[in-house]
Amino acid sequence: QVQLVESGGGLVQPGGSLRLSCEASGNTFSLYGLGMGWFRQAPGKDREFVAAIGWRSENTYYADSVQGRFTISRDNAKNTMALQMDSLKVEDTAVYFCNAPWMPREQGRFWGQGTQVTVSA
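Residues numbered from 1 in each chain as written. Predicted model: local features only at pLDDT ≥ 70, side-chain atom pairs only at ≥ 80, totals over all residues. Heavy atoms only, no water.

*Asks:* Looking at this structure, how should I read the overall build of the chain?
*Replies:* What the chain contains, in helices and strands, is zero helices and 11 strands. Helices and strands in the chain line up, N terminus first, as β-β-β-β-β-β-β-β-β-β-β. Against the 2.2 N^0.38 benchmark of 14 Å for 121 residues, the chain shows a C-alpha radius of gyration of 13 Å, consistent with a compact globule. By its C-alpha atoms, the chain is 40 × 25 × 25 Å across when sized along the principal axes. Counted over contacts in the chain with a minimum sequence separation of 6, partners at least 24 positions apart contribute 54%. Summing over all exposed atoms, the chain offers an accessible surface of approximately 6500 Å²; the carbon and sulfur share of this is 47%. The positive charge centre, built from 11 side chains, and the negative charge centre, built from 11, are 2 Å apart in the chain. (Helix = DSSP H or I, 4+ residues; strand = E, 2+ residues; numbered from the N terminus. Rg over C-alpha atoms; globule rule 2.2 N^0.38 Å. Contact = heavy atoms within 4.5 Å. Areas by Shrake-Rupley, 256 points an atom, 1.4 Å probe, with all protein chains shown as cover. Lys, Arg positive; Asp, Glu negative; His and termini not counted. Charge placed at Lys NZ, Arg CZ, Asp CG, Glu CD.)

Structure representation (structure tokens):
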């Protein structure tokens with residue numbers, strides 16, 4: 001009922017920046033008033049939480065590993081969410097997934113296909 005499509009991934013050098021976006025379509029009314037989040041999965045590792053944002057953009061959450069480097073935002077009028085990634089590290093290399101709805105310590109039932117982020121010199 002809800003489709004999530006990520007975009008913006010690519011190859012970047014360490015210290016560089018990328019901006020990911022997630023566009024929700026379909027029955028987006030299901031997401032009204034709820035949070036959205038980003039997860040990532042690196043080769044050989046479990047999918048891990050990256051960042052999340054509540055319906056009110058002032059409520060944001062970040063994994064310790066990205067705190068201070070990543071910034072999450074959303075535009076409810078456009079049903080989009082973004083992840084600005086600065087000071088990227090090789091360890092940030094992963095497939096990044098959009099997830100909705102999101103609540104603390106939970107994962108939503110809708111996932112995007114993921115977008116590859118590769119940080120390499």
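After that view, the rundown keeps rolling.
*Asks:* What should I look at first to understand the pattern of salt bridges in this one?
*Replies:* Between side chains of opposite charge, pairing is possible as soon as their charged atoms come close. Taken as a whole and assessed by the stated rule, the structure comprises three salt bridges. The partner of Glu-48 in a salt bridge is Arg-40, and the shortest N-O contact between them spans 2.7 Å. A salt bridge links Asp-92 to Arg-40; the shortest N-O distance between them is 2.9 Å. Of this pair, Asp-92 sits in the loop between β8 (80–85) and β9 (94–102) while Arg-40 sits in strand β4 (residues 35–41), and the two are 52 residues apart along the sequence. The exposure classification of Asp-92 matches that of Arg-40, with both residues buried. One continuous salt-bridge network, built from bridges that share partners, spans Arg-40, Glu-48, Arg-69 and Asp-92. (Salt bridge = Lys/Arg side-chain N within 4 Å of Asp/Glu carboxyl O. Buried < 20%, exposed > 50% of the residue type's maximum accessible area, 1.4 Å probe, protein only.)

*Asks:* So what exactly am I meant to see when it comes to empty space enclosed by the protein here?
*Replies:* Rolled over the atoms, a probe with the dimensions of a water molecule shows which regions are left empty. Within the structure shown, the criterion is met by one cavity of 30 Å³ or more. Empty space within the largest cavity amounts to approximately 40 Å³. When its residues are assigned to classes, the lining of the largest cavity shows two nonpolar, two polar and five charged. (1 Å grid on protein atoms, 1.4 Å probe; cavity = no way out; pocket = protein on both sides within 12 Å on 5 of 7 lines; lining within 4 Å. Points joined across faces, edges and corners; volume = space filled by probe spheres on them. Nonpolar A, V, L, I, M, F, W, Y, C, P; charged D, E, K, R; others polar.)

*Asks:* Just to check I follow, could you spell out the sheet that holds strand β3 (residues 18–26) for this structure?
*Replies:* The strands that make up a sheet pair up through hydrogen bonds in the backbone, lying either parallel or antiparallel. Taken in spatial order, the four strands line up as β1-β3-β8-β7 in an open sheet, and their pairing is antiparallel. The open sheet has two edge strands with one neighbour each: β1 (2–7) and β7 (70–75). Along the sheet, successive strands turn relative to each other by an average axial angle of 15°, direction set aside. Of the pairings in the sheet, the one linking β3 to β8 comprises six bridges and is antiparallel in character. Its bridge partner being in β8, Arg-19 is matched across the sheet by Gln-84. (Pairing = 2+ DSSP bridges. Axes fitted to C-alpha atoms, helices over the stretch in contact; angles between N-to-C directions.)

*Asks:* I would appreciate a short explanation of the nonpolar core in the present structure.
*Replies:* Formed by 30 residues in total, the largest nonpolar core has its most connected members in Leu-4, Trp-38, Phe-70, Leu-83, Met-85 and Tyr-96. Listing elements by their share of this core, those giving two or more residues are β1, β3, β4, β5 (48–53), β7, β8, β9 and β11 (115–119). Setting aside chain neighbours within four positions, we find Met-85 in contact with Gly-16, Ser-17, Leu-18, Leu-20, Arg-69, Phe-70, Tyr-96 and Val-117. (Core = buried A, V, L, I, M, F, W, Y, C linked by side-chain atoms within 4.5 Å.)

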